[in-house]
Amino acid sequence: MVFAYCKRNLYNSNRMISLAHFNSLPQIFRYFKSRLTCLKFIEEQVYPDGVVACPYCGGIHPYRRSDGRFKCRECGSSFSILQGTIFQDTKLPLYKWFGAIYLMSVHSKGISSVQAAIDLGVTQKTAWFMLHKIRTTFRQNTPILDGDVEIDETYVGGRESNKHEDKKVDGTQGRSTKTKTPVFGMLQREGEVSAMKVGNTKADTLMPIIKTCIVKGSIVYTDEAGIYSTLNANGYDRQVVNHNQKEFVVGKSHTNTIEGFWSLFKRTVFGTYHRVSKHYLQRYVDESVFRYNNRYRKGGERFAALMCNALNVVTFEDVRAVVCVA
Ligand SMILES: [Zn+2]
């Protein structure tokens, strides 16, 4: 079994215990309690063939110093195997990071920094920083969707009805983006979802995304919105469900699956995190997308998949590619 997100396959690692076998926080804390174990684990994943490459010059003959760092014989730079990973320069024990990644991967609606602080034994501010850093690794390649694909938009932002009279903004109903941020989603039935924050929901914005992410000839299910009216002309078979006329399911024609995803996303954003800034919204979208696309995996397998993301380091990948070519 190879994870879709995983260039290095932690699941089948036979050198150290597979992360997929972990199913509780105490188990992780026990196994990874020493920094050395964590470093060994990371080294095996980052350098699966045992060849440690210098991230500065690509030299493959560094030696290990007594403090665990490496020194390159070619360019003289010293480096840590944590360089380029989300653990770089951290002063926190690595097992707490491993624990945080575990918590983020197993909770179906995310975990608040208040709860993570209690579970990990750190301050809430530290937990907030850790979770945000881990959240940056959720984003992976956008899947290409095919077959039966549902598309829809949702809007994130304060409801006008909940605001104080003098804070209300007129004309913010429905698809207005005056106070709300639109998020566009595409979901292949029985498959993966892809979602992104967009500047607006005009056809000029959404159609290029659709053409990049959905294979032509696919059946695309939408609501009655006019922005999707050119789908057929662009080579798709559009099936419309008319929500305005209280029509929700006509045969296979519905958008219930993607609406289920939005509901999970909103329960995460409003239920667990309460509010998220527009600036970081994409990270929360990516977090929900990761959960949905890994929904059939067990907790430990999701943990392994997320650890892959945390260790998938462009710097090292590039260096290794250079070394392989040479
Ligand atoms: Zn070097």
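Residues numbered from 1 in each chain as written. Predicted model: local features only at pLDDT ≥ 70, side-chain atom pairs only at ≥ 80, totals over all residues. Heavy atoms only, no water.

With that settled, consider the sheet that holds strand β4 (residues 148-156). Whenever strands of a sheet pair, they do so through backbone hydrogen bonds, lying parallel or antiparallel. If you trace the 5 strands from one edge of the open sheet to the other, you get β6-β5-β4-β7-β8, paired in mixed fashion. Both edges of this open sheet fall to β6 (193-197) and β8 (237-240), since each of them pairs with a single strand only. Across the sheet, the axes of successive neighbouring strands diverge by a mean angle of 25°, strand direction being ignored. In this structure, strand β7 (residues 219-222) lies alongside β8, joined through 4 bridges in parallel fashion. When the sheet's bridge partners are listed, Val 220 is paired in β8 with Arg 238. Strands β4, β5 (181-188) and β6 of the sheet are contacted by helix α6 (residues 203-213), whose axis makes an angle of about 25° with β5. Contacts from helix α8 (residues 281-293) reach β4, β5 and β6 within the one sheet, and its direction differs from that of β6 by about 175°. (Pairing = 2+ DSSP bridges. Helix = DSSP H or I, 4+ residues; strand = E, 2+ residues; numbered from the N terminus. Axes fitted to C-alpha atoms, helices over the stretch in contact; angles between N-to-C directions. Contact = heavy atoms within 4.5 Å.)

Read across the open sheet, the 3 strands follow the order β1-β2-β3; overall the sheet is antiparallel. Looking at strand neighbours, the two that pair on one side only are β1 (63-64) and β3 (78-79), the edges of this open sheet. Pairing of β1 with strand β2 (residues 70-71), which is carried by 2 bridges, proceeds in the antiparallel orientation. In the strand pairing of β2, Arg 64 is matched with Phe 70.

One pass over the structure, following the stated rule, counts 5 salt bridges. The partner of Glu 150 in a salt bridge is Arg 189, with the nearest N and O atoms 2.6 Å apart. Separated by 39 residues along the polypeptide, Glu 150 in strand β4 and Arg 189 in the loop between β5 and β6 bring together distant segments of the chain. No difference in accessibility class separates Glu 150 from Arg 189, as the two residues are buried. We note a salt bridge from Glu 287 to Arg 291, for which the minimum N-O separation is 2.9 Å. Remark: Arg 291 and Glu 287 occur in helix α8; sequence separation between them is 4 residues, near one turn of the helix. Overall, Glu 287 belongs to the buried group, its relative accessible area being 0%. By relative accessible area, which is 6% here, Arg 291 ends up buried. What you see here is one network of salt bridges that share partners, running through Arg 135, Glu 287 and Arg 291. (Salt bridge = Lys/Arg side-chain N within 4 Å of Asp/Glu carboxyl O. Buried < 20%, exposed > 50% of the residue type's maximum accessible area, 1.4 Å probe, protein only.)

Turning to α8, a few remarks are in order. Over its 13 residues, α8 runs 18 Å from end to end, which matches the ideal 18 Å to within 8%, given 1.5 Å per residue. Most of α8 is tucked away, with 12 of its 13 residues classed as buried. Here α8 has its buried residues at Leu 281, Gln 282, Tyr 284, Val 285, Asp 286, Glu 287, Ser 288, Val 289, Phe 290, Arg 291, Tyr 292 and Asn 293. (Expected span 1.5 Å × (residues − 1).)

With that out of the way, let us pick up the coordination of the zinc ion. The protein atoms that coordinate the zinc ion are Cys 54 (SG), Cys 57 (SG), Cys 72 (SG) and Cys 75 (SG), at distances of 2.3 to 2.4 Å. Residue classification places Cys 54 among the buried positions, given a relative accessible area of 0%. (Donors = N, O, S within 2.8 Å, 3.2 Å for Na, K, Ca; no water.)

Judged by nonpolar contacts, the single largest core of 64 residues is most densely connected at Ile 42, Phe 87, Leu 94, Trp 97, Phe 98, Ile 101 and Met 307. The element that contributes the greatest number of residues to this core is helix α3 (residues 94-106), accounting for 8 residues. Apart from residues lying up to four places away in sequence, Ile 42 is in contact with Ile 81, Leu 82, Phe 87, Leu 94, Phe 98 and Leu 311. Of all hydrophobic cores here, the second largest spans 19 residues; its members include Leu 206, Met 207, Ile 209 and Ala 225. (Core = buried A, V, L, I, M, F, W, Y, C linked by side-chain atoms within 4.5 Å.)

Bringing the pairing of β4 into the picture now. Most of β4 sits inside the fold, with 9 of its 9 residues counted as buried. Both faces of β4 are covered, namely the face carrying Asp 148, Glu 150, Asp 152, Thr 154 and Val 156 and the face carrying Val 149, Ile 151, Glu 153 and Tyr 155. Relative to β7, β4 is paired through 3 bridges, and the arrangement is parallel. Each bridged residue has a counterpart across the sheet, and for Val 149 the counterpart in β7 is Val 220.

Here we come to unusual backbone geometry. The phi torsion at Asp 89 lies on the positive side, around 65°, for a residue other than glycine. The topology assignment puts Asp 89 in the loop between β3 and α3. Backbone geometry places Glu 190, a non-glycine residue, at a positive phi of 65°. For Glu 190, the position within the fold is in the loop between β5 and β6.

Attention shifts here to the packing of α3 against helix α4 (residues 113-120). In contact at an axis separation of 10 Å, α3 and α4 are set at 135° when each is read in the N-to-C sense. Relative to α4, α3 is oriented oblique. For the pair α3 and α4, the crossing hand works out as right-handed. Facing α3, whose interface residues are Lys 96, Gly 99, Ala 100 and Leu 103, α4 presents Ala 116, Asp 119 and Leu 120. Looking at the contact of α3 with α4, its residues break down into 4 nonpolar, 1 polar and 2 charged. (Parallel < 35°, antiparallel > 145°, perpendicular 65-115°, else oblique. Left-handed = near helix turned anticlockwise from the far one by under 90°. Nonpolar A, V, L, I, M, F, W, Y, C, P; charged D, E, K, R; others polar.)

Such coordinate-based values are descriptive only and should not be taken to indicate function.
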